[in-house]
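An overview of the molecular structure
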Amino acid sequence: MPIVTDTPATRRVAGKPRVHVTRRLLPSVEARMAELFDVTLNEEDRPLSRAELVAAMRTADVLVPTVTDRIDAAMLAEAADGADGLRTGLIANFGAGIEHIDLAAARARKVIVTNTPGVFTDDTADITLMLILSVPRRVGEGSRLVRDGRWTGWAPSRLLGHRIAGRQLGIIGMGRIGQAVAHRARAFGLDIVYHNRHRLPASVENMLGARHQADLDRMIAESDILTLHCPASRDTHHILDARRIALMKPDACVINTARGDLIDEAALIEALENGRLGGAGLDVYASEPQVDPRLIALPSVITLPHLGSATIEGRAHAGEKVVANIRFWADGHRPPDQVLEGWA
């Protein structure tokens, strides 16, 4: 497809842009894409191989990947191999997280990257609060008893959990989702403490009933429930490592609905198996979709299949954002959700 203009920020495409979508989206979103673009859909809804992603970038003006599609510098170089260079000018990511895309390599090849920020904030915060409520009350363990036919009836001393009112909730990462979790948690009487790269304005802290703790180790050691909401990066890799897990209270709970990379999973499993932690609620894992069988076997752990963003409303909104970003770019304008330098 001939290119009319070409700058680092925008690229006007003559006619319908050719768009390759790597996973199945909602029918309404795919139908809208089919109306507006020359679109290739993934009818089998299986993760594409590295070679298939490279082939897609060789033939498409726009690639629409998800968090399961890792796009690195070598792939961009391979896709650009040839006299015409890299055809793909826009990577319109479906989702807010962009750690699976090499932003520096994309920028070097004048490829714009967009995402869908803010779309899944409430959905992820809801799942997080569900785990915050469920793990201390041993909901996962109780559910297994009923499902396995091992429940023998009510008894005054069985499956005793903990009240959460008055306990400290430590939040690592106080962006959109962290703040949404704090807003919900306040209604349950939790004492909310957070650690963030930048302290929030006093007005926001007052609104959320949250106090800042600059010393991450101290917050981890004092929290009864610890929930992670920071992006995955070099700086946050294993931010909850063996040393910090050892600082936690013996009945403390860990909640992770962000990225599996944030926790040293082996150290977490060891602490749980040895009774040095009260439990964990996990929606993400170090090697998704593989989940360590030791986590599944632990009665004190609730394991979910990455459900944080899994609502019809959220996925529809994300699809609408992807469509809008493609249309802006194809018309020669800067997409509204372009990922800027600070994300790299």
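Everything discussed here concerns the structure shown above.
First things first, this report covers the structure right here in the doc. Per chain, residues are indexed from 1 in the order of the written sequence. Where local features are concerned, this predicted model is filtered to residues with pLDDT of at least 70; where side-chain atom pairs are given and counted, the filter is 80 or more; whole-chain, interface and lining totals use all residues. The basis for the side-chain values is all heavy atoms of the structure; hydrogens and waters are excluded.

1. Structural notes on the sheet that holds strand β3 (residues 62-64)
DSSP calls a pair of strands paired once it identifies at least 2 bridges connecting them. Each helix is a run of DSSP H or I of at least 4 residues and each strand a run of E of at least 2, with the numbering of both proceeding from the N terminus. In space, the five strands of this open sheet follow the order β2-β1-β3-β4-β5, with parallel pairing throughout. Only two strands of the sheet have a single neighbouring strand rather than two, namely β2 (38-40) and β5 (112-114). Here the average twist between neighbouring strands, direction ignored, is 20°. By the bridge criterion, two bridges tie β3 to strand β4 (residues 90-92) in an arrangement that is parallel. What sits directly across from Val62, in β4, is Leu90. When checking whether two residues touch, look at their non-hydrogen atoms; a contact exists if any pair is within 4.5 Å. A fitted line through C-alpha atoms serves as each axis, taken over the contacting stretch for helices, and the angle formed by two N-to-C directions is quoted from 0 to 180°. The sheet strands contacting helix α13 (residues 312-330) are β1 (18-21), β3, β4 and β5, and the helix crosses β4 at an angle near 165°.

2. Some remarks on empty space enclosed by the protein
With a 1 Å grid spanning the protein atoms alone, the term cavity applies to any set of points in which a 1.4 Å probe fits but cannot get out, the term pocket to an open set with protein on both sides within 12 Å along at least five of seven lines, and the term lining residue to any residue with an atom within 4 Å of a point. Grid points are joined across faces, edges and corners, and a volume is the space filled by probe spheres set on the points. Counted according to the given criterion, the structure contains two cavities of 30 Å³ or more. If you trace the largest cavity, you find it lined by Pro136, His162, Arg167, Asp224, Ile225, Asp251 and Cys253. In terms of residue class, the lining of the largest cavity is built from three nonpolar, one polar and three charged. Here the second largest cavity is characterised by a volume of approximately 40 Å³. What lines the second largest cavity is Asn256, Gly260, Ile263, Glu265, Leu268, Leu282 and Val284. Here the nonpolar group is Ala, Val, Leu, Ile, Met, Phe, Trp, Tyr, Cys and Pro; Asp, Glu, Lys and Arg are the charged ones; every other residue, Gly included, is treated as polar. Considered class by class, the residues forming the lining of the second largest cavity number four nonpolar, two polar and one charged.

3. Some remarks on the sheet that holds strand β10 (residues 253-256)
Here we have seven strands laid out as an open sheet, ordered β8-β7-β6-β9-β10-β11-β12, and parallel in their pairing. Strands at the two margins of the open sheet, each flanked by one partner only, are β8 (210-212) and β12 (301-303). Recorded for the sheet is a direction-independent mean angle of 20° between the axes of neighbouring strands. Bridge count between strand β6 (residues 168-172) and strand β9 (residues 225-228): four bridges; the pairing is parallel. Counted as the bridge partner of Ile171 is Thr227 from β9.

4. Some words on the nonpolar core
What is meant by a nonpolar core is a set of buried Ala, Val, Leu, Ile, Met, Phe, Trp, Tyr and Cys residues, joined one to another through side-chain atoms within 4.5 Å. Exposed residues in this analysis have more than 50% of their type's maximum accessible area, buried residues have under 20%, and partly exposed residues fall in between, with area computed by a 1.4 Å probe over protein chains only. Ile172, Leu240, Val254 and Leu277 are the most contacted members of the largest nonpolar core, which has 29 residues in total. Mapped onto this core, the elements with two or more residues apiece are α9 (216-222), β9, α11 (265-273) and β11 (279-282). Examining the composition of this core, we find that five residues originate from one element, α11, more than from any other. In contact with Leu240, not counting residues within four places along its chain, are Ile220, Leu226, Leu228, Ile245, Met248, Val254, Leu262, Ile263 and Asp264. If you look at the next biggest cluster of nonpolar residues, it comprises 25 residues, including Ile127, Val204, Ile255 and Leu304.

5. Examining the pattern of salt bridges
In what follows, salt bridge is the name for a side-chain nitrogen of Lys or Arg lying within 4 Å of a carboxyl oxygen of Asp or Glu. With the rule as written, the count across this model stands at 24 salt bridges. Among the salt bridges present, the one from Glu99 reaches Arg259, with a minimum N-O distance of 2.3 Å. Of this pair, Glu99 sits in the loop between β4 and α4 (103-108) while Arg259 sits in the loop between β10 and α11, and the two are 160 residues apart along the sequence. The shortest N-O distance in the salt bridge between Arg150 and Asp148 comes to 3.5 Å. When its relative accessible area of 47% is taken as the criterion, Arg150 is described as partly exposed. Taking relative accessible area as the criterion, Asp148 reaches 49% and is therefore assigned partly exposed.

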